[in-house]
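Letter by letter, the chains look like this.
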Amino acid sequence: MLCITSSSSSPAPLQPPRRSRAPSDRAAPPGIAGGGNVRLSVLSVQRDVLRSEPAKSKFATAATVQENKTMAATEVDVNHLPIYKVDPKLEKFKDHFSYRMKKYLDQKCSIEKNEGCLEDFSKGYLKFGINTNKDETVYREWAPAAQEAQLVGDFNDWNGANHNMEKDKFGVWSIKIDHVKGEPAIPHNSRVKFRFRHGGVWVDRIPAWIRYATVDASKFGAPYDGVHWDPPASERYVFMYPRPPKPDAPRIYEAHVGMSGEKPAVSTYREFADNVLPRIRANNYNTVQLMAVMEHSYYASFGYHVTNFFAVSSRSGTPEDLKYLVDKAHSLGLRVLMDVVHSHASNNVSDGLNGYDVGQNTHESYFHTGDRGYHKLWDSRLFNYANWEVLRFLLSNLRYWMDEFMFDGFRFDGVTSMLYHHHGISVGFTGNYKEYFSVDTDVDAVVYMMLANHLMHKILPEATIVAEDVSGMPVLCRPVDEGGIGFDYRLAMAIPDRWIDYLKNKDDSEWSMGEIAHTLTNRRYTEKCIAYAESHDQSIVGDKTIAFLLMDKEMYTGMSDLQPASPTIDRGIALQKMIHFITMALGGDGYLNFMGNEFGHPEWIDFPREGNNWSYDKCRRQWSLVDTDHLRYKYMNAFDQAMNALDENFSFLSSPKQIVSDMNEKEKVIVFERGDLVFVFNFHPKKTYSGYKVGCDLPGKYRVALDSDAFVFGGHGRVGHDVDHFTSPEGVPGVPETNFNNRPNSFRVLSPPRTCVAYYRVDEEAELLEGKAETVGASSPEIINLDATLATSGGKKYDSTEDAPSGKKGRKLGHESSNKSTK
């Protein structure tokens, strides 16, 4: 979530954008213990949290209960929510959960009673705004405070005298305009505005439900114009590809279309589709997350100060262009999430939703009145989620992007601000449940999110919905029918803070293995997280990416592969790979990377603003750096490709098995198991460990699956890939305390400094069958040699597994050094 200050309607703020995390003091959410002196951390064990007294109930008056058998049955369910079995500590706050669950059910039942069903209610975009029927154009707008209203635009030379609108008892204005000679009276791609009178003053506003808005770029600070978007059938984009199936674990590539080009200019949806999507697919991501899709008048807000919620950002093209992008992604097997901002709205008046607030009471406005209606840090307006028409607007907004553009889900921005009346400002969350379930909780916002998640999963069961929440609210990611809020994942936002703190403030020798492991595993085991080492937040001006923190100015002088790497570059590339890999492997149930960070893009993002003379120079991505063969950026990119392919083959991200067996502070080593893989991370800057003993679960033979020290990843090739590591039993079977690091088996490895290696257990029976097949000249297509996950050693590398020789998908290519001592 980006924090910026925008003026009302035009001139941009003078200061550069800043990343905004509402709480300045962040603690990890209640979850799993790890780190410290404990040598074993298992995700299926929940840590104790501070005990607290039941909240003094401000919720004593329950919501109205419908007088019918269905609601009577529901009342029983409300008092016995499944979340209490998931986390018994939540029962202390049963008053709170009963209140909010009843309020959710009452709101849902009221919608069903008055609108037919929630699905119909969410089709508001087919009723409100401008819609063309067979013989007429119909325009509807909710503006209860308006005293008169007209529709004006190019179609009537901006004279609304003949296009006065009528108001119903709910404050909805409407007008029907007959077609002219069989054609719509309001032409496609023509400018329109809603003109209304309040207090004797006539004002023009962009229709709240407008689907396209443009600005005269030649005029500084010019307000946007609403554009009626209704192309003829011959110009409409028709989707050709179905949505890809939902992956077991999302590997998300966070991207900003406008700044995705090499040139210092705004890139387009079609350029992104044709030039960037293939890169994302080649690096084995399965999901793209698009930022700044909804129209925002201030470019440097990163899309977080939305002015027109149903309009595609016109800087990068038209709605049809965006549809082309989404369809192209689907053709490549990539799902597409949209960064949706329902936590607040731009403060702009003439080109934003804020312009509909002309001093009316909160029940007749999109926003709360008084201080409650403003976010003092973001300088933006806050929605009144209890308002019927606000619910229609926001729920329909989600439905619109899913139905019309085929988005596969959303990343909800600023969820912490929505969850609490204090918006997380100057609040540090310690994990005490009182902080989450009290009078500070904005139940109206919680109910809206419950309705939204229920709706999205009903119309698209395979939707992926991610919450940006820094507080760690329990049950945020549990299903609505269990008593949760219904998100699929939350962003693990404490992780990048840990890495930034280490890189800025601590020498390598001060890094704590227990602290790293604790940060990565400290999450609620019943709720899924998306882990990331850095996102767009760490890439904006004033901050530094991990690669930039590690290598700084030497990224401009020392990245040539034609000369030996300096100690700074060697350390930087090694730690860049290790930090991203351990974050991915240990930090969550999905992974996210921001555009360019996969290859260590050397510069931050700086959007055009007055402070940089409105320059686009750093509002781009220099793909040429990774494409230039003699530059070392290619090594970090290749390792990113390999990490994702490793999960593609072994599905470790979606595995519930996660065990940290060794956090050796002296040797700076972390060993853990995730799924069927064993990971060994050596953070020591100098020490090589020959024959380092590694605990594991299953006995057998282990081989290298991925090695950061391989030549193809810019390493030194010190780990042998042709080595079989055979296990030895440890202790008394079935008595964990007699085992090695509480693991029943072990094997020994070579672990060079600043390296990470993943090992897989060989399926010897399958290997034997494959060997027999090869001896008779025919390899069974069902048998894939998993020693062959990627090009984990030197020699030729493939851009994707599809490029591998027929019958040998993903086979390891060649060997580097032979390390017989680790047998």
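All values derive from a computational prediction rather than experimental measurement. (Residues numbered from 1 in each chain as written. Predicted model: local features only at pLDDT ≥ 70, side-chain atom pairs only at ≥ 80, totals over all residues. Heavy atoms only, no water.)

Time to look at the packing of helix H3 (residues 94-115) against helix H7 (residues 388-405). Where H3 contacts H7, the two axes come as close as 12 Å, and the packing angle between them is 85°. As the angle between them shows, H3 and H7 are arranged roughly perpendicular. In this structure, H3 contributes Gln-107, Ser-110, Ile-111, Asn-114 and Glu-115 to the contact, and H7 contributes Trp-388, Leu-391 and Arg-392. Here the residues of the contact of H3 with H7 sort into 3 nonpolar, 3 polar and 2 charged. (Axes fitted to C-alpha atoms, helices over the stretch in contact; angles between N-to-C directions. Helix = DSSP H or I, 4+ residues; strand = E, 2+ residues; numbered from the N terminus. Parallel < 35°, antiparallel > 145°, perpendicular 65-115°, else oblique. Contact = heavy atoms within 4.5 Å. Nonpolar A, V, L, I, M, F, W, Y, C, P; charged D, E, K, R; others polar.)

In space, the 4 strands of this open sheet follow the order E4-E5-E8-E7, with antiparallel pairing throughout. Lying at the two open borders of the sheet, with one neighbouring strand each, are strand E4 (129-132) and strand E7 (166-167). Two elements, E7 and strand E8 (residues 172-178), share 2 bridges in a ladder whose sense is antiparallel. Residue Lys-167 lies in a different strand from E8, and its bridge partner there is Trp-173. (Pairing = 2+ DSSP bridges.)

Further remarks concern the environment of Arg-498. With respect to the element layout, Arg-498 can be found in helix H10 (residues 494-505). Residue class for Arg-498 comes out partly exposed when judged on its relative accessible area of 24%. With residues near it in sequence (within four places) discarded, Arg-498 still touches Glu-515 and Thr-519. (Buried < 20%, exposed > 50% of the residue type's maximum accessible area, 1.4 Å probe, protein only.)

Here the UniProt feature "active site" (unreviewed entry) sits at Asp-413 and Glu-468. Spanning 56 residues, the named residues form one tight spatial group whose C-alpha atoms are at most 5.4 Å apart. One can find Asp-413 in the loop between strand E20 (409-412) and helix H8 (415-419). Under the relative-accessibility criterion, Asp-413 is labelled buried at 0%. Looking at where Glu-468 falls in the secondary structure, it is placed in the loop between strand E21 (464-467) and strand E22 (489-491). By relative accessible area, which is 4% here, Glu-468 ends up buried. (UniProt positions renumbered as here; feature names shortened; annotations may be inferred.)

With that settled, consider the nonpolar core. In this structure, Phe-272, Leu-290, Leu-322, Tyr-366, Trp-401, Phe-412 and Tyr-448 are the most contacted members of the largest nonpolar core, which totals 200 residues. Top contributing element to this core by residue count: helix H9 (residues 443-459), with 11 residues. Contacts of Tyr-448, omitting those with residues within four sequence positions, involve His-342, Tyr-385, Leu-391, Leu-394, Leu-395, Leu-398, Phe-412 and Met-418. By size, the runner-up hydrophobic cluster in this structure holds 15 residues, among which are Val-669, Val-671, Cys-696 and Val-757. (Core = buried A, V, L, I, M, F, W, Y, C linked by side-chain atoms within 4.5 Å.)

Turning our attention to the confidence of the model for the protein chain. Across the protein chain, the average pLDDT comes to 86, with 84% of residues at or above 70. Note on residues 777-823: pLDDT under 50 across the span, and 113 contacts to partners over four residues away in sequence or across chains. (pLDDT = per-residue confidence, 0-100.)

So, on to the sheet that holds strand E17 (residues 335-340). Note: strands within a sheet are paired through backbone hydrogen bonds, in either parallel or antiparallel orientation. Read around the barrel, 8 strands follow the order E13-E14-E17-E20-E21-E22-E23-E24 and close on themselves; strand pairing throughout is parallel. Averaged over neighbouring strand pairs, the angle between their axes works out to 30° when direction is ignored. Of the strands in this sheet, strand E13 (251-256) and strand E14 (287-291) are in contact with helix H5 (residues 269-282), which crosses E14 at around 135°. Running over the sheet, H9 touches E20 and E21 and is turned about 160° from E20.

Quick look at the packing of aromatic side chains now. Scanning all chains against the criterion turns up 60 aromatic pairs. Measuring from centroid to centroid gives 5.2 Å for Trp-142 and Tyr-366, while their planes differ by 85°, and the two rings are edge-to-face. Of this pair, Trp-142 sits in strand E5 (residues 136-142) while Tyr-366 sits in the loop between E17 and strand E18 (374-375), placing them 224 residues apart in sequence. For Trp-142, a relative accessible area of 5% corresponds to the buried category. (Phe/Tyr/Trp six-rings, centres within 6.5 Å; stacked < 30°, edge-to-face > 60°.)

What follows concerns H3. The terminal C-alpha atoms of H3 lie 31 Å apart, and with 22 residues this matches the ideal 32 Å at 1.5 Å per residue to within 8%. The positive-phi residue at the C-terminal boundary of H3 is Gly-116, with phi of around 100°. (Expected span 1.5 Å × (residues − 1).)

A separate point is helix H16 (residues 633-650). The periodicity of an α-helix, 3.6 residues per turn, causes residues three or four positions apart to be oriented the same way. Here H16 is 18 residues long and its end C-alpha atoms lie 26 Å apart, about the 26 Å a rise of 1.5 Å per residue gives. Of all the 18 residues making up H16, 16 are buried; the element is thus mostly covered by neighbouring parts of the structure. The positive-phi residue at the C-terminal boundary of H16 is Ser-651, with phi of around 50°.

This paragraph deals with the packing of H10 against helix H11 (residues 513-521). At their nearest, the axes of H10 and H11 sit 9 Å apart, and the two run at 160° to each other. On the basis of the axis angle, H10 is roughly antiparallel to H11. You can see that H10 and H11 cross each other, and the crossing is left-handed. Contacts between H10 and H11 pair Ala-494, Ile-495, Arg-498, Trp-499 and Tyr-502 from the former with Glu-515, Ile-516, Thr-519 and Leu-520 from the latter. Of the residues assigned to the contact of H10 with H11, the class counts are 6 nonpolar, 1 polar and 2 charged. (Left-handed = near helix turned anticlockwise from the far one by under 90°.)

Now for unusual backbone geometry. A negative phi holds for most residues other than glycine; trans holds for most peptide bonds. Positive phi, close to 55°, is recorded for Lys-181, a residue that is not glycine. Its place among the elements puts Lys-181 in the loop between E8 and strand E9 (190-198).

Here we come to the pattern of salt bridges. Summed over the entire model, instances satisfying the criterion amount to 53 salt bridges. Among the ionic pairs, Arg-392 bridges to Glu-115, the shortest N-O distance being 2.9 Å. Remark: Glu-115 occurs in helix H3 and Arg-392 occurs in helix H7; sequence separation between them is 277 residues. With relative accessibility at 6%, the residue Arg-392 sits in the buried group. With relative accessibility at 24%, the residue Glu-115 sits in the partly exposed group. The salt bridge involving Arg-381 is made with Asp-357; its shortest N-O contact spans 2.8 Å. Here Arg-381, found in strand E19 (residues 380-381), pairs with Asp-357, found in the loop between E17 and E18; they are 24 residues apart in sequence, far enough to count as distant. (Salt bridge = Lys/Arg side-chain N within 4 Å of Asp/Glu carboxyl O.)

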